[in-house]
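# Commentary on secondary and tertiary structure
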Amino acid sequence: MHGQIRADILGGVFAPGQKLKFADLGQRYGASVSAIRECLTRLTEQRLVVAEPMVGFRVMPLTAEDLCDLTDTRIDLEVLALRGAIEHGGVDWESDLVAAHHRLERTPMTAPDAPRTMSDEWEQAHTAFHAALLAGCRRPRLLAMTESLRDATALYRRWAVQREPKRDGIDEHRAILEAALAGDVDAATEALRAHYATTAEILSEGLSSPLPRTQG
């Protein structure tokens, strides 16, 4: 059930800041209050949900301050992980990375019939590419932290695409790929840093206009 709620938050079923009511969630997922509470507590640790004393749980609100902190932290950790991946990754890592990039490049960011909605297929391909990029790093705890930050960024991107869905970062992803395969640590980490900085700039602009109305 944790995976279902997480997927629904990232998929836009629940809006940023929306109150997550136990009764509604229990009916939706067919689960007890205690099971729902456990899942929401785990999602709080992953920064997808926030717990408020005497109020309950809400989907994490989207703010410029949080996005800045999220981006800086993600850059710090992923640069470290990418250095390790390039240093330790072998042929299997390279092959998986090339395959993940090929799928990402061939997957439209939005569906033809829903140009303001991010395609689930693109989101999955995008996540898989960034996961494959770091997979050669031999530090499981570090990779787990980067995964959590990746999810938090996906929440911002999911809502921002409703305002500006045109940028898919094709050239940026290709630059990261080519530098990583060439073993050029400095070029790869700089390309990754620039990619996230550009993403944050675009997403922060979206925060200046109202988000979809929340419930609760």
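Being a predicted model, the structure only gives us computed values, none of them experimental.

## Things to note about the pairing of strand β3 (residues 56-59)
Examined bridge by bridge, strand β1 (residues 19-20) and β3 share two bridges and lie antiparallel to one another. Bridge assignment links Lys19 to a residue of β3, and that residue is Arg58. With antiparallel pairing between neighbouring strands as the criterion, strand β2 (residues 49-52) and β3 make up a hairpin whose turn holds three residues, including Met54 at a positive phi of roughly 70°.

## A look at the nonpolar core
Of all hydrophobic cores here, the largest spans 56 residues; its most connected members are Ile5, Ile9, Leu20, Leu40, Leu97, Leu133 and Leu155. Top contributing element to this core by residue count: helix α4 (residues 64-88), with nine residues. Setting aside chain neighbours within four positions, we find Ile5 in contact with Tyr29, Ile36, Cys39, Leu40 and Leu43.

## Regarding the layout of surface pockets
Within this model, the second largest pocket holds a volume of roughly 240 Å³. For the second largest pocket, the full set of lining residues is Arg6, Ala7, Leu10, Gly11, Asp120, Glu123, Gln124, Thr127, Arg150, Asp151, Ala154 and Arg158. For the lining of the second largest pocket, the secondary-structure elements that each account for two or more residues are α1 (2-10), α6 (120-134) and α7 (140-160). Looking at the lining of the second largest pocket, its residues break down into three nonpolar, three polar and six charged. Structurally, the lining of the second largest pocket is a two-domain feature, drawing no fewer than three residues from each of domain 1 (1-59) and domain 2 (64-208).

What counts, and at which threshold
- Residues numbered from 1 in each chain as written.
- Predicted model: local features only at pLDDT ≥ 70, side-chain atom pairs only at ≥ 80, totals over all residues.
- Heavy atoms only, no water.
- Pairing = 2+ DSSP bridges.
- Helix = DSSP H or I, 4+ residues; strand = E, 2+ residues; numbered from the N terminus.
- Core = buried A, V, L, I, M, F, W, Y, C linked by side-chain atoms within 4.5 Å.
- Buried < 20%, exposed > 50% of the residue type's maximum accessible area, 1.4 Å probe, protein only.
- Contact = heavy atoms within 4.5 Å.
- 1 Å grid on protein atoms, 1.4 Å probe; cavity = no way out; pocket = protein on both sides within 12 Å on 5 of 7 lines; lining within 4 Å.
- Points joined across faces, edges and corners; volume = space filled by probe spheres on them.
- Nonpolar A, V, L, I, M, F, W, Y, C, P; charged D, E, K, R; others polar.
- Domains from an automatic or database assignment.

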